[in-house]
Amino acid sequence: MAAVDATAKALENATISKTKELKGTEKRDSLVAIEKKYQAQWQKDGVFEPNAPSTSEVPLNSISADELRNQQPKFFGTMAYPYMNGTLHAGHSFTVSKIEFTAGFARMQGKRSLFPLGFHCTGMPIKACADKLIDEVKMFGQEFERYSDEDSVSKTETPALNTHHEDVTKFTAKKGKAASKVVKMKYQFQIMKALGIPTEEIYRFADPQYWLEYFPPLCQRDLTNFGARIDWRRSFVTTDANPYYDAFIRWQMNRLKELKKIKFGKRYTIYSPKDGQPCMDHDRSEGEAVGPQEYTALKLLVKEWAPEAEATIKSKVPEGAEVFFVPATLRPETMYGQTCCFVGPKINYGVFKVSEMEFYVITDRAARNMAYQGIFPQNGVYEKVAELVGSACVGTLVHAPLSVHKEVRILPMESVLPTKGTGVVTSVPSDSPDDFATITDLAKKADYYGIKKEWAELEIIPIISTPSYGDLTAPFLVKKLKIASPKDTKQLEEAKELAYKEGYYQGTMVFGDFKGEKVEAAKPKVREQLIKAKEGFAYSEPERKVVSRSGDDCCVALMDQWYLDYGEESWREVALKYVDNADSKGLNTFSSETKNGFEGVLNWLNQWACARTYGLGSKLPWDPQFLVESLSDSTIYMAYYTISHYLHKDIFGKTPGLAGARPEQMTDEVWDYVFARRELDDGILKGSGISKEALASMRREFEYWYPLDLRVSGKDLIPNHLTFFLYIHLAIFPPEYWPKAVRANGHLLLNGEKMSKSTGNFMTLDEMVRKYGADASRIALADAGDGVADANFEEDVADNNVLRLFTLREWCEEQVKDQENLRSGEKNGFLDALFENEMNSIVREAKGHFEDTNYKLALKSALYDFTGARDFYREASVAAGIKMHKDLILQYIELQALLLAVIAPHWSEYIWLEVLNKPSTIQNALFPEVPAAIPSLTAAREYVRVTASNITSAEAAQQKKKAKGKDIGYDLKKPKKLSIFAAAKFPGWQQKYIELVREAWNPETKSVNDKELNGKISKMGEMKKAMPFVQMLKKRLVGGEKPEMVFERKLGFNEIETLGNMVPGLKKAAGLTEVDIIEVADGGKSGKVVGSAEVKEGLPQPAEGAVPGVPTFHFENV
């Protein structure tokens, strides 16, 4: 125990938190107390437990499901159910927030809003961790008391993933969840300890089922504390631990098999020899979204050995046996141009026995892959008879299949990798920049490399002609990119990418049996030709390193297995059309990046193994030795949510739900009926024994809530889960029930850096809410960003909003308490009118952002801009010496509560119920409907803001001049007078620019063609003077002012009257004794003092710069 505790302490010290330290928590604690109160009340009242309209209210089939949804609008949204091998972290909460905010706003639109959440337990991770604990308990004891703290933390770092791939036809995910889940602790019990699990309880997790009991309640706790609007009645665990869900998965797999979407046969798959089964995405600790890369392996028969190699293998292979160097290529169509074959001079190669008289020279890694692909005599066995270092093979003469040069030499290439292909690389310098650069270097330095120069100088013949690079692509690019040697790796990488893409998509064969054909068409034909002639064979390996959760370095196996035939042409075409969404009736992806991601995956994704033998899950119904793998049992479970509360009352399905049905009663035919795939008949009623009423109610729940309105998930799930989700929906359900939208979000940074436990820059959802409370955390998540790019949770934002919410709550309480001290009666036409108009404008603006799911912008409007409007009204009222109007303040408080109800519901609930004394929860309130903003008041409000700011800036500028010893014409310490010069007319020079804007303005799009307009303005030679004026015109037009008012050079408000209303406030704010408003005549030399008959001549220089809407100022002493 002491060693375990010491290790835990060491781990704690090794990962000192980089997150922000709070200094005071009183205000947070006050807010959290309110949050806890209302979370309990919402749960008690079942606020987030919506049901479809009952069959007694609206009889089933009395109207269509579509009509019912139109009459009684609904929203149904989900996120990927979290995996139950730990608690939720901040990244989970970011995804939660997107569906949470959307569900909250849907409620305020008057929709029944459903957000359910289940718990994913299928697959290897839990079972693999449990098995590790079994071994560790045996090694160290039940409480690990025999553990010594030596090597307690592994020092190995995870290597950076190389995302480059040579096959230009395939998509590669650059970042995935598995890549971020690498844990550096050596033992599983240490990881459990780091999760906060007491040492004395860790041994219980050696039972996989205990994970299912332990983590779901913590997930529910954390999301409840977050204020999530989740219907927990509909939750469940996956796997056969819940017999109802198990029946659902069996039905799904049976139907997919009947539809011929599931097939059986030999196929390449990522495979773990240690686990003895395919290793799919969720089974991996490294290499998510990595698939098999298929090569053509060539057989280059040795004709004459180099002396050193010959001496090494002489006694190891039988006399007369054939030995082949076996390069693997992605470009079989170029094999006509082989001039040599490369090996890595420092790489150790094995000579592996294929048969009594046939042997292959390849790396051990390649042999391990081949051993599971039927290439060697016995599956999983690769017999090595000899070992050769690459340098010993240099000079060996081999036969090159298809090549114009029938025999070529083995030559050295320093950049050959033992972790790529077979470690043997055939050279085609006509089309491979790497090969051309290397043979050029070898020929120049033949003596240095210990070769004969002529070995590297075989004729390079054209194989492929391309539009951009001619018929010798590699020499052209090497010259163009100024590549001097094989060490110019960056340029070579670029050249290789250019050559491969151009060659594959644009190239035409100019040599060989398929001369004149496009490379795309010729490539498979050349491959087939090589294989038929037994001069080559199919070989596959992982695109890059894959490690299973059991710690096994995975290979590729060719095996008989059940697979989903993703990529089948007709199925794929339906999916692509749905994603394209040309008729706006398909899938809404919110961004072009997400849409492009789907299309890219759909164009390369094919057969996917859907069964395994190890882990947790549901058994394949027709072949129960297999379990359904975790990405195949999580495709249409959203449909299960619609009826899960009818099936069971607990997540394990131990207690039947509203339907009173037992798991065995949920036959495939019942699922078909419930999910609208068939109609009810006596056979179903008799066969299942479930009442007609219960079946009708379940059918109603599905027909009402489906289709799914929104699926939210991380963008790293597009290459697998999200595409599978789409495929299976399209296969199983009628088009009416296909999903409507998928929103993919980026990863979440914490304080601008990647989240990492090892660096201490990490936060769980529980830690976040404990630290900042739910509402402040939710505000920071809304502020983090909305696009597909990575978002950023800033702790400062959360911290600052604790203070903001607390202070705003206090202010609201004070105003309501002291409301009789506020002004009442008729509202004035200036500050009151401006404030009310601005509130209306912001409410409508916020609504638009919520509708567009732009929550960062919605937060800006709903909180920052709305409180800013209040601050301006409050400060302007104080400056003008009048009280704020009671009706407007109460209106503000009510609107503020409603605007924040989506993002900060606890704060809003408190204001709604305890400050405003409303009768029922704000969760059922509708989003406020307010009149459209009046453009003239909006323009006046902007004028007041800008003018007040300009006066302050002008005075500050004068003070700076004075501080520098310059004469400003008046004494700052003596009483001051401000003259405001307002122009009665626009200068004549502006008319021509008004005409240009009038011509460019499009009233339908409410926009102008900036490029065309700016081009015309620049030709007039007054760009510097004209552009500010043109920008002002555009701003007024876009802001909603009537075009006739703008083009007739009339302001949307009375400038002189507005300035007059500002005078009391200006006097107080700027400490002015007098303020004169002077209406300036054309030219700015004279003007009339407003409010008197006085006309002033010889006005100071600033008067000349005044134009309508942009006054100028002059300070002087009284």
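What counts and what doesn't
Throughout, residues of each chain are indexed from 1 in the direction in which the sequence is written. Thresholds applied to this predicted model are a pLDDT of at least 70 for local features of residues and 80 or more for the giving and counting of side-chain atom pairs; totals over whole chains, interfaces and linings are not thresholded and use all residues. The side-chain figures draw on all heavy atoms in the structure; neither hydrogens nor water molecules are used. Excluding any residue in a salt bridge, patches collect residues exceeding 30% relative accessible area, merging like charges within 9 Å and nonpolar Val, Leu, Ile, Met, Phe, Trp and Tyr side chains within 5 Å. Note on areas: Shrake-Rupley with a 1.4 Å probe; residue coverage comes only from the protein chains shown. The term salt bridge refers to a side-chain nitrogen of Lys or Arg lying within 4 Å of a carboxyl oxygen of Asp or Glu. Counting rule applied: Lys, Arg positive; Asp, Glu negative; His and chain ends not counted. A single reference atom marks each charge: NZ on Lys, CZ on Arg, CG on Asp, CD on Glu. To qualify as a helix, a DSSP run of H or I must reach at least 4 residues; to qualify as a strand, a run of E must reach at least 2; elements of each kind are numbered from the N terminus. We call two strands paired when DSSP finds no fewer than two bridges between them. Axis angles are defined between N-to-C directions and span 0 to 180 degrees, where every axis is a line fitted to C-alpha atoms and, for a helix, only to the segment in contact. Burial classification: accessible surface area is computed with a 1.4 Å probe over protein chains only, and a residue below 20% of its type maximum counts as buried, one above 50% as exposed, and the rest as partly exposed. By convention a crossover is right-handed if, when the strands point away from the viewer, the path from the first strand over the helix to the second runs clockwise. In this description, contact between two residues means that some pair of their heavy atoms is separated by no more than 4.5 Å. Only Phe, Tyr and Trp rings take part, Trp by its six-membered ring, and two of them pair if their centres are within 6.5 Å. Stacked means planes under 30 degrees apart, edge-to-face means over 60, and tilted covers everything else. Criterion for a charge above a ring: Arg CZ or Lys NZ at most 6 Å from the ring centre, at most 35 degrees from the ring normal.

(A) Local environment of a positive patch on the surface. On the surface, K960, K961, K964 and K966 cluster together to form a positively charged patch. Note that K960 resides in helix 32 (residues 935-963).

(B) Expanded view of the sheet that holds strand 11 (residues 348-355). The mixed open sheet is built from nine strands, whose spatial order is 13-11-12-8-7-14-15-10-16. Bordering the open sheet on either side are strand 13 (384-389) and strand 16 (424-427), each of which pairs with just one other strand. Here the strands of the sheet are splayed against their neighbours by 35 degrees on average, with no regard to which way each runs. Note that strand 7 (residues 300-304) and strand 8 (residues 322-325) share two bridges and pair antiparallel.

(C) Spotlight on the pairing of strand 26 (residues 742-745). Residues V742 and A744 line one face of strand 26 and the alternating positions R743 and N745 line the opposite face, and both faces are buried. Across four bridges, the pairing between strand 25 (residues 710-714) and strand 26 is parallel. Along strand 26, the bridge assignment pairs V712 with R743. Taken together, strand 25, helix 24 (residues 718-732) and strand 26 form a β-α-β motif whose crossover is right-handed.

(D) Just the side chain of D222, in detail. Structurally, D222 is set in helix 8 (residues 208-225). Ignoring anything within four residues of it in the chain, the contact list for D222 reads T87, L765 and D766.

(E) Focus on the pairing of strand 11. When you tally the buried positions in strand 11, you get six out of eight residues, the bulk of the element. The pairing of strand 11 with strand 13 spans five bridges and is antiparallel. When the sheet's bridge partners are listed, F352 is paired in strand 13 with K384. Sheet topology places strand 11 next to strand 12 (residues 358-362); five bridges connect them, and they run antiparallel. Across the sheet, residue S355 finds its bridge partner in strand 12, namely E358. Where strand 11 folds back onto strand 12 in an antiparallel hairpin, the turn is made up of two residues.

(F) View of the packing of aromatic side chains. In this structure the tally under the stated criterion is 70 aromatic pairs. Centre to centre, the rings of Y271 and Y372 are 5.3 Å apart; their planes meet at 40 degrees, and the pair counts as tilted. Taken together, the residues span a long stretch of sequence, with Y271 in strand 3 (residues 262-272) and Y372 in the loop between helix 11 (364-371) and strand 13 at a distance of 101 residues. One exposure class covers both Y271 and Y372, and it is buried. Relative to Y855, the ring of F850 lies with its centre 6.2 Å away and its plane at 55 degrees, an arrangement referred to as tilted. Each of the two residues, F850 as well as Y855, counts as buried. Sitting over the ring of F652, K654 keeps its end group 5.3 Å from the ring centre.

(G) The sheet that holds strand 3, seen in detail. Strand order in the open sheet made by the four strands is 4-3-21-22, with antiparallel pairing throughout. In the strand order of this sheet, the two ends are held by strand 4 (277-278) and strand 22 (608-609), each with one partner.

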